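For reference, the chains in residue letters:
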Amino acid sequence: MAARAESKVQEGLRHMQEAEKCLKSGWFRRADHDGAAQAYNSAGNAFRIAKSFEQAKAAFLKASDEQYHCNSLYQSGKALELAGQMAKELKQMEEAFELTQRAGLLFRENGTPDTASQVFQRAAKLAEGVNDKKAIELYAMAVEMFEIEDKTRQAADTLGKSIRLMVKHKQYEDCISHMQRQIELYQSVGSYPPICRIVVGLIVVHLAHGDPVAADEMFKTAIAFVDTFACRQSV
């Protein structure tokens, strides 16, 4: 196993040298950024197989830079994603979610919101427990992308993940506004069962926020909603 890892490291180093040669320019030779990007990516994969994650991360970052130079935003983002995965393997969690966020931004710039939304969610998951404030921000970015794609149910579900973090940190005002927005999204697609849970949750949040009047109003709303929902189910 050690021999195979060493073999892959040497393979990665050869690809790194190949990339450097591609970038050399002169009077009669222009730098080949596309070739360099492919060589750096191959190096990253070889280092990854060898579990030399620091070298793999560096190679994927270089691959991303070269892809960006070639105006290939999508491929640049994919290389950044891989660099983020290497940072995760190294337990460098802050760098992991930052690199993954940068990948999401490139996918958004590239006009691929579906991919961007998934990557922002992965970045948010990486940020949880490390920087919950950033995780909430990243979930919001994912929600925005889902809405652009008219994926309303996914947007509402993702809002729930940020709401959970807001409750954890007692950000009750933001939590209330997000839960109200979540209700609106579920209503727009006729998804009523989740709304029942959210309405009950709103009562609890209002009480935790020290606002029994708002909690009582929400309780009345909950009763009215349950009656309406029962009528819908019986039709």
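Caption draft 1: Here's a closer look at helix α4 (residues 73-89). The first and last C-alpha atoms of α4 sit 25 Å apart over 17 residues, in line with the 24 Å expected at 1.5 Å per residue. Turning to α4, its buried residues number three or more, namely Leu-73, Ser-76, Gly-77, Ala-79, Leu-80, Glu-81, Ala-83, Gly-84, Met-86 and Ala-87. Among the structural elements, α2 (33-49), α3 (53-69), α5 (93-110) and α6 (113-127) are those in contact with the buried residues of α4. Lys-91 lies just past α4 and shows a positive phi near 65°.

Caption draft 2: View of the side chain of Gln-121. Among the structural elements, Gln-121 can be located in helix α6. Non-local contacts of Gln-121, meaning those with residues more than four positions away in its chain, are made with Tyr-139, Ala-142, Phe-146, Thr-158 and Lys-161.

Caption draft 3: Summary view of helix α7 (residues 132-148). Over its 17 residues, α7 runs 25 Å from end to end, which matches the ideal 24 Å to within 8%, given 1.5 Å per residue. Taken residue by residue, α7 has Asp-132, Lys-134, Ala-135, Ile-136, Leu-138, Tyr-139, Met-141, Ala-142, Val-143, Met-145 and Phe-146 as its buried positions. Looking one or two residues beyond α7, the residue adopting positive phi is Asp-150, at roughly 60°.

Caption draft 4: The nonpolar core, seen in detail. The biggest cluster of nonpolar side chains holds 66 residues, and the ones touching the most others in it are Phe-47, Phe-120, Leu-138 and Met-179. Beyond its immediate sequence surroundings of up to four residues, Met-179 is in contact with Ile-163, Ile-198, Gly-201, Leu-202 and Val-205.

Caption draft 5: Focus on the packing of helix α9 (residues 172-188) against helix α10 (residues 193-208). Where α9 contacts α10, the two axes come as close as 10 Å, and the packing angle between them is 165°. Here α9 lies roughly antiparallel to α10, going by the angle between them. Between α9 and α10 lies a crossing whose hand is left-handed. For the pair α9 and α10, contact is made by Tyr-172, Cys-175, Ile-176, Met-179, Gln-180, Gln-182, Ile-183, Tyr-186 and Gln-187 and by Pro-194, Ile-195, Ile-198, Val-199, Gly-201, Leu-202, Val-205, His-206 and Ala-208, respectively. Considering only residue class, the contact of α9 with α10 consists of 13 nonpolar, five polar and no charged.

Caption draft 6: A look at the pattern of salt bridges. In this structure the tally under the stated criterion is 14 salt bridges. Glu-81 is the salt-bridge partner of Lys-78, the closest N and O atoms lying 3.3 Å from each other. Of this pair, Lys-78 and Glu-81 both sit in helix α4, separated by three residues, roughly a single helical turn. For Lys-78, a relative accessible area of 32% translates into the label partly exposed. We classify Glu-81 as buried; its relative accessible area is 6%. The salt bridge partner of Glu-217 is Lys-220, with a shortest N-O separation of 3.8 Å. Pair noted here: Glu-217 and Lys-220 are both in helix α11 (residues 212-234), with a separation of three residues, about one helical turn. Ionic contacts of the salt-bridge type, sharing partners, join the residues Glu-54, Lys-57 and Glu-95 into one network.

Caption draft 7: Spotlight on the state of the cysteines. Summed over the entire model, instances satisfying the criterion amount to zero disulfides. Between Cys-22, a free cysteine, and Cys-70, which holds the nearest cysteine sulfur, the sulfur-to-sulfur gap is 11 Å.

Caption draft 8: Structural detail: the confidence of the model for the protein. On average, residues of the protein carry a pLDDT of 91, and 94% of them reach 70 or more. Every residue in residues 230-235 is under pLDDT 50, and counting partners more than four places away or in other chains gives one contact.

Caption draft 9: Inspection of the environment of Ala-2 at higher detail. Within the element layout of this structure, Ala-2 appears in helix α1 (residues 2-22). When the C-alpha atoms of Ala-2 and Ser-72 are compared, they prove to be 36 Å apart, with 70 residues separating the residues in sequence.

Caption draft 10: View of unusual backbone geometry. Unusually for a residue other than glycine, Asn-71 sits at a positive phi of about 65°. Relative to the helices and strands, Asn-71 resides in the loop between α3 and α4. What makes Asn-71 exposed here is its relative accessible area of 67%. Positive phi is not limited to glycine here, since Asp-150 has a value of about 60°.

About the cut-offs
- Residues numbered from 1 in each chain as written.
- Predicted model: local features only at pLDDT ≥ 70, side-chain atom pairs only at ≥ 80, totals over all residues.
- Heavy atoms only, no water.
- Helix = DSSP H or I, 4+ residues; strand = E, 2+ residues; numbered from the N terminus.
- Expected span 1.5 Å × (residues − 1).
- Buried < 20%, exposed > 50% of the residue type's maximum accessible area, 1.4 Å probe, protein only.
- Contact = heavy atoms within 4.5 Å.
- Core = buried A, V, L, I, M, F, W, Y, C linked by side-chain atoms within 4.5 Å.
- Axes fitted to C-alpha atoms, helices over the stretch in contact; angles between N-to-C directions.
- Parallel < 35°, antiparallel > 145°, perpendicular 65-115°, else oblique.
- Left-handed = near helix turned anticlockwise from the far one by under 90°.
- Nonpolar A, V, L, I, M, F, W, Y, C, P; charged D, E, K, R; others polar.
- Salt bridge = Lys/Arg side-chain N within 4 Å of Asp/Glu carboxyl O.
- Disulfide = S-S within 2.5 Å.
- pLDDT = per-residue confidence, 0-100.

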